[in-house]
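Reading the structure
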Amino acid sequence: MHKYRTHTCSEITKKDAGATVKLSGWIHRKRDHGNLLFFDLRDHFGLTQCVMENSNSFFKIAEKIKPESVVSVVGKVISRSSDSVNKDLFTGEVEVKISSFDILSESKDLPMPVFGEQDYPEETRLKYRFLDLRREEMHENIILRSKVISFIRNKMIDSGFLEFQTPILTASSPEGARDFLVPSRVHPGKFYALPQAPQQFKQMVMISGFDKYFQIAPCFRDEDGRADRSPGEHYQLDIEMAFVEQDDVFKIVEPLFFELFTKFGKGKEVSKNPFKRITYKDSMLKYGTDKPDLRNPIEIVDVTEIFKRDDVKLDIFKKVIQKGGIVRAIAAPNTSSKPRSFFDGYNNWAKEEGAKGLGYIILEKNKDKFVGKGPIGKFFSEDAINLLVKACKLNDKDSVFFSSDRINEVEKISGIVRQKLGKDLNLINNKKFEFCWITDYPMYQYDEKEKKIDFSHNPFSMPKTDIKNFDKVDPLSIFAYQYDLVCNGCEISSGAIRNHLPDLMYKVFSKVGYSKSEVNSKFEGMIKALSYGAPPHGGMAPGIDRIVMLLAEKENIREITLFPMNQNAQDLLMGAPSDLNEPQLKELNIKVIEKKK
RNA sequence: GGGGGUGUAGCUCAGUUGGUUAGAGCGCCUGCCUGUCACGCAGGAGGUCGCCGGUUCGAGCCCGGUCACUCCCGCCA
């Protein structure tokens, strides 16, 4: 007989009745009748009920042992009588009558029970992560994560991609997020950086002549956490392909996501290939965001022209327009019977979000004629109302909100109003995964704070413009071969066709104020590599954590991460970050400066 | 760095207008119990009400500060 088990805890059925089996696992739950003891034995696979009578020589020990202790038992499989079958359990038709009971590892009193579905404080869960992970839901989430990763890996290999590891200790890069730095012992005063992504390495792989690369790559960014963003580290499916255009990348990624989400998406409907393609500009107009939730049917409409009309007498909005502002409309289907508080609620909420507030019109039909009600309805002529109805595709019983301000503010607020309406009015179909590509990102944006032009995305992306005219055009009008993959309002990937031309690279960087020599020094390896024959190439890097969150229907990244840090970037289980002792610091030539309070 | 929320028993939470000795369920301990599967029954232990200060005759409750966790903004090419 095997030292620990002949079967797992989710294996024994009626067929095994009469057999003697050995099981090992955790004491999940005890039910002590004084002279008769039941306990559920749990392992990774499931539960088996064990039973013991007081005549058993192990009875006293078993009665005393605490839940979550690990034991090994030997016993005979007994068919349960029909009235004592537990239909909720795979092994519920049998139980094991214990003949031998061996304690492998005792548990102390628990800081949090494993049994049950109650919520526990995040702090306790992280501190005792190994207990939290024993719980069924967490256990399932982590298993799902593993399966997702193997599915992806198999699919990538089947599609002709090679999996490579790239360095974890590398050089700090001047663009992007804050780096995590590692001091060099050998080179006092110098530092390695952990990669924010293997961006430059994957391009080097292409330049090295490999055709298709992927990696489930750890990425390190020293930025603050959010519910859907771990501080410190996350994983990306890093992909890069040589001799490709944007569509070639899409054609590899679309079936991968369709199959992945169909297989692990709990029967939800997944967007068919090809996924919808929406330009950045259109997305900002129609959805007020570059990560639209397409399950929400509401589309934002620009109605600036209507508000300019003489038969619309709303001076506040007209003034905004005169100053270069715009007006956009967000329809709220079937809300005309909502109480005044509904509309005022939105208006107040928008102000809290930092907007100037929202106007609204409630639509009614009077003898086949649309009439605009609500505080500003009276400022619209019949013609103007009809134009609005047509532009926004409004129906009788709808109402419509208006936001008026500078374009950036309007886009922002209309996007969140649209999403709030979708949620509040129950317009979002939770049984769907709606994918789309957002394409044609602007290469540059104007940084209001720094008062200068900056990259809006990845500086290594190929600009969508003629290289000869690059210097002549307004940088803010230049688009890039830069795309995002979005699902249900969640950005799950960014990607691009890369700029493989050193001359163009200098020009691209010169627009944000980098001289040729600065580019040479800051991206020395990259520029060098591009100067000895680089294939046109491109790729993307979907976020593994986000994908698993969507599939597991979790809002919080810690629910699908084995050993996450808390929001303050601390590992409460291992105690990271931690102090170093003097000799360690000395060896690294590091002096800690006490922070003044 | 900024804003919001939370903090009462090991855990989940209640605690009225500021008023006697701060409660319940789960867990834990003791006893009883041979068919439970959230076993049951009886009893018991367990509290610096996050911490510091203030107001008050009196503070879990009000005020100021602070800490922790969390959510958001900034940040995340």
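From a predicted model like this one, the values you see are computed outputs, not experimental measurements.

Before going further, it helps to examine the domain arrangement of chain A. Structurally, chain A comprises domain 1 (14-105), domain 2 (125-243 + 539-597) and domain 3 (296-428). Using only C-alpha atoms to locate each centre, domain 1 and domain 3 end up separated by 65 Å.

Next up on the list: the sheet that holds strand β2 (residues 36-42). Strand order around the closed barrel formed by five strands is β1-β2-β3-β5-β4, with mixed pairing between neighbours. Ignoring which end each strand starts from, the neighbouring axes of this sheet average 55° apart. As defined by bridge partners, strand β3 (residues 47-53) adjoins strand β5 (residues 94-105) across two bridges and the pair is classed as parallel. For Cys50, the partnering residue across the bridge sits in β5 and is Val96.

Moving on: the pairing of β2. Buried residues dominate β2, accounting for six of its seven residues. Looking at chain direction, strand β1 (residues 20-32) and β2 are connected through six bridges and run antiparallel. Following the sheet pairing, Lys30 is matched in β2 by Phe39. Counting the residues between successive antiparallel strands, the hairpin from β1 to β2 contains three residues, one of them, Gly34, with a positive phi of roughly 90°.

The five strands lie next to each other as β13-β14-β17-β15-β16, forming an open sheet whose pairing is antiparallel. The open sheet terminates on both sides in strands that have one partner only, identified here as β13 (301-302) and β16 (369-373). Alignment of strand β15 (residues 359-366) against strand β17 (residues 399-405), held across four bridges, turns out to be antiparallel. Bridge assignment links Ile362 to a residue of β17, and that residue is Ser399. On top of the sheet, helix α11 (residues 382-391) reaches β13, β15, β16 and β17; it is set at about 95° to β16, its chief contact.

In this section: the packing of aromatic side chains. A complete count under the given rule lists 30 aromatic pairs for this structure. Between Phe275 and Phe435, the aromatic rings sit 4.7 Å apart at their centres with planes inclined by 10°, giving stacked as the arrangement. Residue Phe275 is found in the loop between β11 (269-270) and β12 (276-279), and its partner Phe435 is found in strand β19 (residues 435-439); the two are separated by 160 residues along the sequence. A residue is classified by how much of its surface remains accessible, and Phe435, at 1% relative accessible area, is buried.

Another aspect to go through is the protein's contact with RNA strand B. Around RNA strand B there are 49 residues in total, and Asp32, Asn35, Gln118, His457 and Asn568 lie nearest to it. Restricting attention to atoms of RNA strand B within 4 Å of the protein, one finds that 55% of them are sugar or phosphate atoms. Between Pro111 and RNA strand B, the recorded distance is 3.2 Å, taken from a backbone N or O atom to a sugar or linking oxygen. Taking Arg221, its side chain carries an N or O atom lying 3.1 Å from a phosphate oxygen of RNA strand B.

This brings us to the environment of Gln165. Inspection of the secondary structure puts Gln165 in the loop between β6 (162-163) and β7 (181-183). Residues Gln165 and Phe210, 45 residues apart in the sequence, show an inter-C-alpha distance of 13 Å.

Quick look at the environment of Phe509 now. Along the chain, the position of Phe509 falls in helix α13 (residues 502-510). The spatial distance from the C-alpha of Phe509 to the C-alpha of Val519 is 7.3 Å, given a sequence separation of 10 residues. Leave out the neighbours within four places in its chain, and Phe509 touches Glu175, Phe455, Pro459, Phe460, Tyr514, Val519 and Phe523.

Turning next to the pattern of salt bridges. Per the stated rule, a full pass over the model turns up 34 salt bridges. A salt bridge links Lys155 to Glu259, with the shortest nitrogen-to-oxygen separation between them at 3.0 Å. With a gap of 104 residues between them, Lys155 in helix α4 (residues 136-158) and Glu259 in helix α6 (residues 246-264) connect regions that are remote in the sequence. In this structure, Lys308 engages Glu305 in a salt bridge whose closest nitrogen and oxygen atoms are separated by 3.1 Å. Of the two residues, Lys308 and Glu305 both sit in helix α8 (residues 304-308), three residues apart, roughly one turn of that helix. Using a relative accessible area of 54% as the deciding quantity, one classes Glu305 as exposed.

What follows concerns the side chain of His537. Among the structural elements, His537 can be located in strand β24 (residues 537-540). When neighbours within four sequence positions are excluded, His537 is seen to be in contact with Gln203, Met206, Glu240, Met241, Ala242, Phe243, Val244, Ile497, Arg498 and His500.

Right, let's get into the nonpolar core. Counting residues in each nonpolar core, the largest one holds 65 residues, and the members touching the most others are Phe257, Phe261 and Phe435. No other element matches α6, which puts eight residues into this core. Once you skip the residues sitting within four places of it in the chain, Phe435 turns out to touch Phe257, Phe261, Val270, Ser271, Phe275, Lys276, Leu294, Leu485, Val486, Cys487 and Ile492. In this structure, Ile361, Leu363, Val389 and Cys392 belong to the second largest nonpolar core, which totals 24 residues.

By the secondary structure assignment, Lys268 is in the loop between α6 and β11. Judged by its relative accessible area of 12%, Lys268 is buried. Here the side chain of Lys268 touches Glu553 through a polar contact of 2.8 Å, side chain to side chain. Dropping the residues within four chain positions of it, Lys268 is found in contact with Asn430, Lys431, Lys432, Phe433 and Glu553.

This part covers α6. Between the first and last C-alpha of α6 there are 27 Å, a value that for 19 residues agrees with the 27 Å anticipated at 1.5 Å per step. Every buried residue of α6 is listed here: Gln246, Val249, Phe250, Val253, Glu254, Leu256, Phe257, Leu260, Phe261 and Phe264. In the stretch just after α6, Lys266 is the one whose phi turns positive, near 50°.

Time to look at the pairing of strand β9 (residues 212-221). Taking burial as the measure, the 10 residues of β9 include eight buried ones, the bulk of the element. The sheet contact formed by β6 and β9 spans two bridges and is parallel. Looking at the pairing, Glu163 lines up with Phe214 of β9. Pairing geometry for β9 and strand β10 (residues 232-242), over 10 bridges, is antiparallel. Bridging across to β10, Tyr213 finds its partner in Glu240.

Conventions we followed
- Residues numbered from 1 in each chain as written.
- Chains lettered and ligands numbered in written order.
- Predicted model: local features only at pLDDT ≥ 70, side-chain atom pairs only at ≥ 80, totals over all residues.
- Heavy atoms only, no water.
- Domains from an automatic or database assignment.
- Pairing = 2+ DSSP bridges.
- Helix = DSSP H or I, 4+ residues; strand = E, 2+ residues; numbered from the N terminus.
- Axes fitted to C-alpha atoms, helices over the stretch in contact; angles between N-to-C directions.
- Buried < 20%, exposed > 50% of the residue type's maximum accessible area, 1.4 Å probe, protein only.
- Contact = heavy atoms within 4.5 Å.
- Phe/Tyr/Trp six-rings, centres within 6.5 Å; stacked < 30°, edge-to-face > 60°.
- Near = heavy atom within 4 Å.
- Polar contact = N/O pair within 3.5 Å; in protein donor to acceptor, adjacent residues only side chain to side chain.
- Salt bridge = Lys/Arg side-chain N within 4 Å of Asp/Glu carboxyl O.
- Core = buried A, V, L, I, M, F, W, Y, C linked by side-chain atoms within 4.5 Å.
- Expected span 1.5 Å × (residues − 1).

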